[in-house]
Every structure is written in C-alpha cells, then in structure tokens.
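Residue-level structural notes
The chain contents come next:
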Amino acid sequence: MKLNRRHLITAGVATGATIAGGAAWYLLSGDEDPKGTSKRIDLLAGMYAGDPHLTDPEMLAMLSISGGMPKNTHLELRLFDMEGHPLGTDASLQVKLENLITGDLDSDITTSANDGSWSLAYENVADNGWWQLTLKVNDLTAVWTFLVPDPNLTGFGTPPVVDTNANASAMLAGALNVLKGHTSLRWWEWLSSGNGAIILARFSVTTPDANGLPASFESDSMMAARIPLDGNEPTFRTNHPRTISVGESAVLITNGTPEPSTPAMNLPIDQYDTTYAGYDGVHFGVEREIGGAHCQLVAFHLPGLAEAWFAFWIETETLILRELFMLSVNHYMHWVYYDIDEPFVITLPA
C-alpha cells in the first residue's frame, strides 16, 4: 500500500472510491451545469466543545453553498445529531463570516429559518478570496473555510489569477523548508467531496531523529459518513480502520483486531515540500493568533492535472505551518498540525 503525501493530499480528486489513510472516500459527481460540475456544495462538519483535533464531535452541521460567486453565493445551515437525524430549526445560532484575505468581518449575521435549514443572504459573501464561516450553537462550534469563486460551482477558469507577492512567496518557501525539516508530527484531517460526506482522520509520522526508533507512520480513520439532502438515509462506516507501520513491520487494525500488513510507503518528511512544487499566485491574507502563536495566512494556487488552491496558517516567528486548507475537484480539506518535533512513539499492538 503506497500512501505518499501527494496521494493523501489529493485523495478523492478522481471520480470513484479511493482509500486515503484508511478512510473510504464518498464521491458523487454533480449534475451537469453550464458554470461548473455542481449546482450545490454540501459540506458536513463536526461541532466541537474544544479543539477539533483533540476532541470528538458532539453534533454534526452542514453548510450548503450555491452560486459560488461574490454577491451571488447562497449559504444554508443544517444541524444533525451524531446518527445523522435532522434537528430542525429550534436552536439559537451565532454566525460569524470573515474574508481571510481582506479581513472583512460580519459577526452580526441574520439567518432565516425555512424547511429545516437556516439561510444567509446572498450579499454576505461580497468579495473574492478565502472565506471562513464560524457557527456556534450553545457551547459547540463548527468552522468551514471555502473559496469564492468556488470552481466546482462556477468552473475552474473563474478563480481570478493573483499576482505573486514577493514577501508572501518568501514566507511560503521558508515554511516549506521548515516543514521538511521536522523530525515528527501529527495532523488531523477533515475531508469532504461536497456531497454531504465527511471523513475525519489522524496521521502520525516519526523519524529516528525524533525518538531513536525506526521510522514509523500511523493512519487512524476515525469517521466516514454521508448525509444526503435528497431524502435518502444517512450512511455511516461501521468499522474503524487504522494502519500502523514501524520500520519493516506493519498491521491493519479493523474494529480492534490487528492483522499483518504491508508497511505504508509514505513520503519521507524531508520531501514534504515537493507536494507543492510549481505553486504560483502567492499572496497574504489576515493575521491571527493560533494556539498562542502569531500566524499569517498565505494563500496560493497549484496548477496541474488536479488544479488546486491552498491557504496556509504560518507562524510568523518560526515559519511553522500550523494549518492548511485546500480546494480542488470535488475536494474540500482542512489539516491541523500538532505534536510537532515531539519525541512521541508509534508502537505496534502486542
């Protein structure tokens, strides 16, 4: 089983079912549309009482996006329990919408309830760029980060070409250089194909320089589900696959039962920068404190067969990459890095 980093970061771009880090990828090709391949994007996410990469979701929420152009983007929100049952519109919502490039912020958004969902006005999304919607329901929070124009809705020629900012490009190059120099790290992944699907996974990588032990890799597929909005029943994966590779030994664990497996040939950390080779259109966004560190958003475009757009949260002092967002063909993703350069140990079950 070959799981290099480029495969992990572009999993699900091709139509069909793909295995990425042990997680089943649910894909649904969109209806024919003269603007793009999809008429609506449905992004299912967890709602958390703490940091998503450290806690489990307690509720599910769906953000549906249609239109996909500035001042012509319609947003709908829906709530579900952890079995995928709709919760109606009795809850009190707090919604914040921010353009992560321009810094425009609207924290007093009016939502109108209708037929089991809440709607946001078209004019809320007024400009191009990466947008972030934060939803709070009591003590639970869900966050979505999306791009406007959305090429899956409007066509892959619609996102504007952005001139590269030399300082932003230098920061990105420095961050990629730091990334490939790490000795160990973990990252949490949220992934969706935009058809009401969700994948939650966690990956861990160590090198001998981190703990003196053989190079190790773990993929923990925590959740895979889909809640369609066409009246069909929600589907949830019933097993919980994990793959663990330590040196030349490996196991696949399904529902707690380990079986011998082939070691995952994941891309070495010192080659992580090659995933982003050939980027263009590098530009700055807003600044924000993340985990106690001052961070700068850096966004860019990656041309190629599977064209993609990225936004990185980069620590300004250390150039450590803390989070990334990605959009490509039927592919919406969020990664959070943590336990960076920590001497943690990945072990095979006894």
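Before any of the text, the structure's been laid out above.
Small disclaimer: the values here were computed from a predicted structure and weren't measured. As a convention, each chain's residues are numbered from 1 in the sequence order in which they are written. Totals for whole chains, interfaces and linings use every residue, but because this is a predicted model, local features are given only for residues with pLDDT of at least 70 and side-chain atom pairs only at 80 or more, for both listing and counting. Calculation of side-chain values draws on the structure's entire complement of heavy atoms; hydrogens and water are dropped beforehand.

1. Topic: the nonpolar core
Most often, soluble globular proteins have nonpolar side chains that are buried together. Note the threshold: Throughout, nonpolar core names a set of buried Ala, Val, Leu, Ile, Met, Phe, Trp, Tyr and Cys residues whose side chains join them through atoms within 4.5 Å. Three labels apply to residues, based on accessible area from a 1.4 Å probe with only protein chains included: buried if under 20% of the type maximum, exposed if over 50%, partly exposed otherwise in between. Only heavy atoms matter for contacts: two residues are in contact if any of them lie within 4.5 Å across the pair.
Counting 56 residues, the largest nonpolar core has Leu-77, Leu-133, Leu-135 and Trp-144 as the members making the most contacts within it. Residues in contact with Leu-77, not counting those within four places in the same chain, are Met-62, Leu-63, Leu-93, Val-95, Ser-117, Trp-118, Leu-120, Leu-133, Leu-135 and Trp-144. Core analysis: the next-biggest nonpolar cluster, separate from the first, contains 36 residues, Leu-185, Ala-264, Ala-308 and Ile-314 among them.

2. Focus on the packing of aromatic side chains
The relation between two aromatic rings is expressed through the spacing of the ring centres and the mutual angle of the planes. For the record, the criterion: Each aromatic pair joins two rings of Phe, Tyr and Trp (for Trp, the six-membered one) with centres within 6.5 Å, and gets the label stacked for planes under 30 degrees apart, edge-to-face for over 60, and tilted for any other angle. For a Lys NZ or an Arg CZ to count as sitting over a ring, it must be within 6 Å of the ring centre and within 35 degrees of the ring normal.
A complete count under the given rule lists 14 aromatic pairs for this structure. Note on Phe-310 and Phe-312: the rings are 6.2 Å apart at their centroids and 80 degrees apart in plane angle, and the pair reads as edge-to-face. Each member of the pair, Phe-310 as well as Phe-312, is classed as buried. Every member of this aromatic cluster is reached through a ring pair, and the members are Trp-187, Phe-203, Phe-217, Tyr-272, Trp-335 and Tyr-337. Its guanidinium or amino end placed over the ring of Phe-344, Arg-186 lies 3.8 Å from that ring's centre, counting from NZ or CZ.

3. A closer look at the sheet that holds strand β11 (residues 140–148)
Pairing between the strands of a sheet is mediated by backbone hydrogen bonds and can be parallel or antiparallel. Just so we agree on the cut-off: Strands were regarded as paired on the criterion that DSSP finds at least two bridges between them. To qualify as a helix, a DSSP run of H or I must reach at least 4 residues; to qualify as a strand, a run of E must reach at least 2; elements of each kind are numbered from the N terminus.
What the 4 strands build is an open sheet, ordered β7-β6-β10-β11; its pairing is antiparallel. Whereas interior strands pair on both sides, the edge strands pair on one side only; in this sheet they are β7 (105–106) and β11. Note that strand β6 (residues 94–99) and strand β10 (residues 129–137) share 6 bridges and pair antiparallel. By the bridge assignment for β10, Leu-97 is matched with Leu-133.

4. Quick look at the pattern of salt bridges
So the rule is basically this: In the sections that follow, a salt bridge refers to a side-chain nitrogen of Lys or Arg positioned within 4 Å of a carboxyl oxygen of Asp or Glu.
Using the criterion set out here, one finds 8 salt bridges in the structure. Between Arg-40 and Asp-42 there is a salt bridge, with the nearest N and O atoms lying 2.9 Å from each other. The class of Asp-42 is buried, set by a relative accessible area of 6%. Residue Asp-273 pairs with Lys-180 through a salt bridge whose shortest N-O separation is 3.8 Å. Here Asp-273 is found in the loop between β18 (257–260) and β19 (280–290), whereas its partner Lys-180 is found in the loop between α3 (166–179) and β12 (184–192), with 93 residues between them in sequence.

5. What to know about unusual backbone geometry
A cis amide bond links Val-148 to the next residue, Pro-149, at an omega of 0 degrees. Note that Pro-149 resides in the loop between β11 and α2 (151–154). Of note, the phi angle at Asn-138 is positive, near 55 degrees, even though the residue is not glycine. Relative to the assigned elements, Asn-138 resides in the loop between β10 and β11. Residue Asn-138 is classed as exposed on the basis of its relative accessible area of 71%. Positive phi is not limited to glycine here, since Asp-339 has a value of about 50 degrees. Its place among the elements puts Asp-339 in the segment after β23 (331–338).

6. Some thoughts on the pairing of strand β22 (residues 321–328)
Two faces make up the sheet, and in a regular strand the side chains alternate between them. Most of β22 is tucked away, with 8 of its 8 residues classed as buried. Two strands pair when backbone bridges link them, and strand β21 (residues 308–315) and β22 are joined in this way by 6 bridges, in the antiparallel orientation. Its bridge partner lying in β22, Trp-313 is registered against Glu-323. The turn joining β21 and β22, which pair antiparallel and follow one another in sequence, is formed by 5 residues; a positive phi near 65 degrees is taken by Leu-319. Turn length for the β22-β23 hairpin, with the two strands adjacent in sequence and antiparallel, is 2 residues, and the turn residue Asn-330 shows positive phi of about 50 degrees.

7. What about the sheet that holds strand β9 (residues 117–120)?
Going by this rule: Geometry is summarised by axes, namely lines fitted to C-alpha atoms with helices restricted to the contacting stretch, and by angles between N-to-C directions that run from 0 to 180 degrees.
Spatial ordering of the open sheet is given by β3-β4-β5-β9-β8, a layout of 5 strands whose pairing is antiparallel. Two strands lie at the open edges of the sheet, namely β3 (40–47) and β8 (112–114), each paired on one side alone. This sheet shows a mean twist of 25 degrees between the axes of neighbouring strands, independent of strand direction.

8. Notes on the environment of Gly-194
Topologically, Gly-194 is positioned in the loop between β12 and β13 (197–206). Aside from chain neighbours lying at most four places away, what touches Gly-194 is Arg-40, Ile-41, Asp-42, Leu-43 and Tyr-332.

9. A short note on the environment of His-334
Here His-334 shows up in strand β23. In this structure His-334 comes out as buried when scored by relative accessible area, which is 16%. In this structure, His-334 is in contact with Trp-188, Glu-189, Trp-190, Glu-323, Leu-324 and Phe-325, ignoring residues within four places of it in sequence.

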